[in-house]
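# Overview (structure and organization)
Read off the chains here:
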Amino acid sequence: MQRFDDMKDPKNFSRKEFIQLSCLGVAAVFFGSSFTDLLRSEDKPYFNLKPIGRSLELEGYYIWCSSPIWGEDGKVHLFYSRWKKEKGMGGWLNGSEICRAEANSPFEKFEHKEVILSPRGKGFWDATTCHNPLIKKVDDQYYLFFMGNSNGKTNTKRIGLATSKSLDGEWTRPDQPLLLPGKEGEWDDHCTTNPAFVKGDDGRYWLFYKSWNTREYETQKGTVRGNRKYGLAKALKPEGPYVKVSENPVIDFSSMPNNAQLEDAFIWKQKGKFHMVARDMGFYNHEYGLHLTTKDGIKWNKPEIAYFDLKKYITEAEPPKHLKRFGRLERPMILMSRDGKRPQFLFGATQGGKYETSTTFVFEILKH
């Protein structure tokens with residue numbers, strides 16, 4: 001199979017592949033059509049999904065970033081972000097907090113239990129938001145990776161790490177971010193966000209992060225500015241310190257048409273490979289999920305469709321016009337089987353629901 005890293009340079013395509021992709025890109029521009037309609041439209045998604053439904057809805061709040069984990073009590077604990085409805089969809093950037101909810105199983109509704117992390121106010125690196133929760137357990141310790149910012153804007157987004165011995169216990173909040181952006185002019189000089197974490201085969205702990213270049217972000221035009229890529233940093237311990245493996249990103253779609261990119265990555269290990277599910281931002285379209293694999297965390301296979309847009313699985317009434325992302329499943333996260341061997345449930349965030357904000361949505365993974 002062609003490696004994704006080979007896709008960065010057109011000379012690494014076969015002549016047939018290059019002509020096909022070139023024609024597709026030109027056709028997409030000429031006809032105003034999405035890349036999806038033209039590229040491998042017959043493909044079946046990696047996940048065969050059965051919808052369970054909107055499992056967490058809160059009156060007066062937008063909900064996002066739903067990270068599940070099996071608790072020692074047999075329940076599912078869900079670490080999620082929320083912000084007040086009056087802030088609108090953009091409130092995640094300047095008013096989000098991270099909470100915990102519980103359910104007896106992924107098939108049941110979740111109940112809010114407590115606020116875990118809130119913005120700390122002036123003088124702190126996470127002064128204005130706490131977002132992107134990712135809950136992991138290593139040995140007897142729980143690690144809550146998250147993103148905070150200090151000015152309510154994207155350029156101070158930083159990945160942090162809170163720790164606890166218990167899912168409902170006291171959380172130790174970091175005084176400093178876990179991972180800083182690159183130097184001015186580098187591909188990742190804008191921020192660090194969307195943490196994805198896994199233990200590598202090299203015995204080190206791998207932290208994948210999203211970022212982009214500030215100059216591109218400030219000078220590009222269009223609905224999506226900048227090109228989001230993923231980098232990798234490694235550490236001997238889950239709490240760091242983390243060292244970036246390269247000055248270059250490990251996942252980079254920027255050579256593709258239509259400013260293709262990705263975000264919201266989640267990583268797991270299965271049968272000798274590392275798998276990623278992420279939200280597509282132009283490789284196929286802006287509604288699908290992507291699935292990629294790697295053996296070393298650096299060279300990734302070409303993306304395939306992980307799941308379709310939400311409208312392929314459920315039918316709901318069209319929401320108010322302020323919910324412009326309706327029908328899109330974002331922040332995909334996997335709840336593995338109790339033995340940790342296979343993906344069993346897909347959690348995500350999506351707009352809509354009875355309060356006309358956004359909610360957690362859960363699928364059962366039937367086969368992949």
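I will try to describe carefully the structure that is included in this document. (Residues numbered from 1 in each chain as written. Predicted model: local features only at pLDDT ≥ 70, side-chain atom pairs only at ≥ 80, totals over all residues. Heavy atoms only, no water.)

### Observations concerning the pairing of strand E17 (residues 330–336)
For clarity, the cut-off: Here's how the labels work: a residue is buried when its accessible area is under 20% of the maximum for its type, exposed when over 50%, partly exposed in between, all with a 1.4 Å probe on protein chains only. Helix and strand assignments follow DSSP, with helices taken as H or I runs no shorter than four residues and strands as E runs no shorter than two, numbered in order from the N terminus. For two strands to count as paired, DSSP must find a minimum of two bridges between them.
Burial of E17 is extensive: seven of the seven residues sit out of reach of the surface. With five bridges connecting them, E17 and strand E18 (residues 343–352) associate as antiparallel partners. Directly across from Glu-330, in E18, lies its bridge partner Ala-349. The hairpin turn running from E17 into E18, its antiparallel successor, is six residues long, and Gly-340 in that turn takes a positive phi close to 75°.

### Topic: the pattern of salt bridges
Test applied: Salt bridges, as used here, are contacts in which a Lys or Arg side-chain nitrogen is within 4 Å of a carboxyl oxygen on Asp or Glu.
Under the counting rule described, the total for this entry stands at 22 salt bridges. Notably, a salt bridge pairs Lys-113 with Glu-111, separated by 3.9 Å at the nearest N-O pair. In this structure, Glu-330 engages Arg-325 in a salt bridge whose closest nitrogen and oxygen atoms are separated by 3.3 Å. Take Glu-330: its relative accessible area is 1%, and that puts it in the buried class. Residue Arg-325 is classed as partly exposed on the basis of its relative accessible area, which comes to 31%.

### Quick look at the sheet that holds strand E6 (residues 129–138)
Operational definition: Whenever a helix is involved, its axis is fitted only over the stretch in contact; in every case the axis is a line through C-alpha atoms, and angles between N-to-C directions fall within 0 to 180 degrees.
With antiparallel pairing, three strands are arranged side by side in an open sheet as E6-E7-E8. Bordering the open sheet on either side are E6 and strand E8 (158–164), each of which pairs with just one other strand. In this sheet, neighbouring strand axes are inclined to one another by 25° on average, regardless of whether the strands run parallel or antiparallel. Examined bridge by bridge, E6 and strand E7 (residues 141–149) share eight bridges and lie antiparallel to one another. Along E7, the bridge assignment pairs Val-138 with Gln-141.

### Considering the packing of aromatic side chains
The following threshold applies: Stacked, edge-to-face and tilted labels apply to pairs of Phe, Tyr and Trp rings (six-membered ring for Trp) whose centres lie within 6.5 Å, assigned for plane angles under 30 degrees, over 60, and everything in between, in that order.
Scanning the entire structure with this criterion turns up 20 aromatic pairs. Seen in terms of ring centroids, Phe-107 and Phe-345 are 5.3 Å apart; in terms of plane orientation they differ by 80°. Their pairing is edge-to-face. Residue Phe-107 is found in the loop between strand E4 (97–103) and strand E5 (111–117), and its partner Phe-345 is found in strand E18; the two are separated by 238 residues along the sequence. In textbook terms, an aromatic cluster arises when at least three aromatic residues are bridged by ring pairs, as seen for Tyr-46, Phe-47, Phe-266 and Trp-268.

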